[in-house]
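Fold and geometry: a report
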Amino acid sequence: SSITTAMGPFFGGLLLTYGGEEAWRWIFAFNVPIGLIALFVLVKMVPSDQPKSTGGIGSLDWTGGAILTLGMGALATGLTFVSESGNGQLAYGLIGIGVLILLLAIWWELSSDNAMIDMRLFASARFTGANIVTLLVWTCMGGVTFFLPMLIIVAWKLPPTYAGSMFLPFSI
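Residues numbered from 1 in each chain as written. Predicted model: local features only at pLDDT ≥ 70, side-chain atom pairs only at ≥ 80, totals over all residues. Heavy atoms only, no water.

**Thoughts on the overall build of the protein chain**
Here is the rule we go by: Numbering goes from the N terminus for both helices and strands, where a helix is a DSSP run of H or I of at least four residues and a strand is a run of E of at least two. Using C-alpha atoms as the atom set, the radius of gyration is obtained and then compared with a globule rule of 2.2 Å times the number of residues to the power 0.38. When accessible area is computed with a 1.4 Å probe and restricted to protein chains, residues below 20% of their type maximum are described as buried, those above 50% as exposed, and intermediate ones as partly exposed. Note on contacts: a residue pair is in contact if any heavy atoms of the two residues lie within 4.5 Å.
For the protein chain, the count of helices and strands is seven helices and zero strands. Mapped from its N terminus to its C terminus, the protein chain presents α and β elements in the order α-α-α-α-α-α-α. Over its C-alpha trace the protein chain gives a radius of gyration of 21 Å, far above what one expects of a compact globule, namely 16 Å for 172 residues. In terms of principal-axis extent, the alpha carbons of the protein chain reach across some 55 × 50 × 35 Å. Per-residue burial over the protein chain gives 17% buried out of 172 residues. Counting only contacts in the protein chain whose residues sit at least 6 apart along the sequence, the fraction spanning at least 24 positions is 54%.

This is the structure in structure tokens:
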């Protein structure tokens, strides 16, 4: 994790500096070989793990996963549309639908025999507090790693390579 936090911005800065105006699109493709390598290592190196329940593949909480995916998708799409002019009603409608679907997901997980996460864990103040702090820390880190390079490149007029290099100490 710390290697990708440091090297991602660094290699992205090199690509943006020396790759031309359209090079930013290749940043998204950069993860494909990394994902393929990770998949290969997973298949070859990680031992097989048999499910503990007798239900096999059917024991997965497919319904809970689908509800959670729909809720997060609606919420993310709504938040994306908020910034676009003329999409206010659609954006806030999607945000509201997403929140309702996420509440449905919580209800489903509480009532499911084979939940993705045991929601009763959140009854522990320590568990809930640790998760809230973790959410806040990674939200701040995400904000820093997203906005700081833009400040360095756009406002300070430094090359993307400099912005990427400034993130190398993050891995320490």
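**Side note on the pattern of salt bridges**
Using the following cut-off: Here, a salt bridge means any side-chain nitrogen of Lys or Arg that lies within 4 Å of a carboxyl oxygen of Asp or Glu.
Tallied over the full model, the rule gives two salt bridges. A salt bridge links Arg 25 to Glu 22, with the shortest nitrogen-to-oxygen separation between them at 2.0 Å. Asp 118 is the partner of Arg 120 in a salt bridge, and the nearest nitrogen-oxygen pair spans 3.0 Å. Assessed through its relative accessible area of 59%, Arg 120 is described here as exposed.

**Re helix H5 (residues 88-111)**
The condition is simple: The span expected for a helix works out to 1.5 Å for each residue beyond the first.
Compared with an ideal rise of 1.5 Å per residue, which puts 24 residues at 34 Å, H5 spans 35 Å between its outermost C-alpha atoms and is within 8% of the ideal. Listed as buried for H5 are Ala 91, Leu 94, Ile 95, Gly 98, Leu 102, Ala 105 and Glu 109. Of the surrounding elements, those touching the buried residues of H5 are helix H4 (62-82).

**Structural notes on the side chain of Glu 109**
What counts is decided by this rule: Positive charges come from Lys and Arg alone, negative charges from Asp and Glu alone, with His and the N- and C-terminal ends not counted.
Inspection of the secondary structure puts Glu 109 in helix H5. Buried charge without a partner: Glu 109 forms no salt bridge, and the closest opposite charge is Arg 120, 9.8 Å away.

**Some details on the packing of aromatic side chains**
Just so we agree on the cut-off: To pair, rings of Phe, Tyr and Trp, with the six-membered ring standing in for Trp, must have centres within 6.5 Å; the planes then decide the type, stacked if under 30 degrees apart, edge-to-face if over 60, and tilted in the middle.
Scanning all chains against the criterion turns up four aromatic pairs. Between Phe 122 and Phe 127 the ring centres are 5.0 Å apart and the planes differ by 75°, which places this aromatic pair in the edge-to-face class. A relative accessible area of 35% places Phe 122 in the partly exposed class. For Phe 127, a relative accessible area of 29% corresponds to the partly exposed category.

**Overview of unusual backbone geometry**
The phi angle of most residues is negative, glycine excepted, and most peptide bonds adopt the trans form. In this structure, Lys 157 is a non-glycine residue whose phi angle is positive, near 60°. For Lys 157, the location among the structural elements is in the loop between helix H6 (125-155) and helix H7 (160-165). Since its relative accessible area comes to 66%, Lys 157 is described here as exposed.

**Quick look at the side chain of Thr 161**
With respect to the element layout, Thr 161 can be found in helix H7. Residues within four places of Thr 161 in sequence aside, it is in contact with Gly 13, Leu 14, Thr 17 and Tyr 18.

**Here's the deal with the packing of H4 against H5**
Any two packed helices are characterised by the angle at which their axes cross and by the distance between the axes. What counts here: Every axis corresponds to a line fitted to the C-alpha atoms, with the helix fit spanning only the stretch in contact, and the corresponding angles, defined between N-to-C directions, vary from 0 to 180 degrees. With respect to orientation, any angle under 35 degrees is reported as roughly parallel, any angle over 145 as roughly antiparallel, any angle of 65 to 115 as roughly perpendicular, and every other angle as oblique. Each crossing gets its hand from how the near helix is turned against the far one by less than a right angle, where anticlockwise is left-handed and clockwise is right-handed. Only Asp, Glu, Lys and Arg are considered charged in this grouping, and only Ala, Val, Leu, Ile, Met, Phe, Trp, Tyr, Cys and Pro are considered nonpolar; every other residue, Gly among them, is considered polar.
With their axes 7 Å apart at the nearest point, H4 and H5 run at an angle of 155° to one another. Here H4 is positioned roughly antiparallel relative to H5, judged by the angle of their axes. Two packed elements cross with a definite hand, and for H4 against H5 that hand is left-handed. Looking at the contact of H4 with H5, its residues break down into 21 nonpolar, six polar and one charged.

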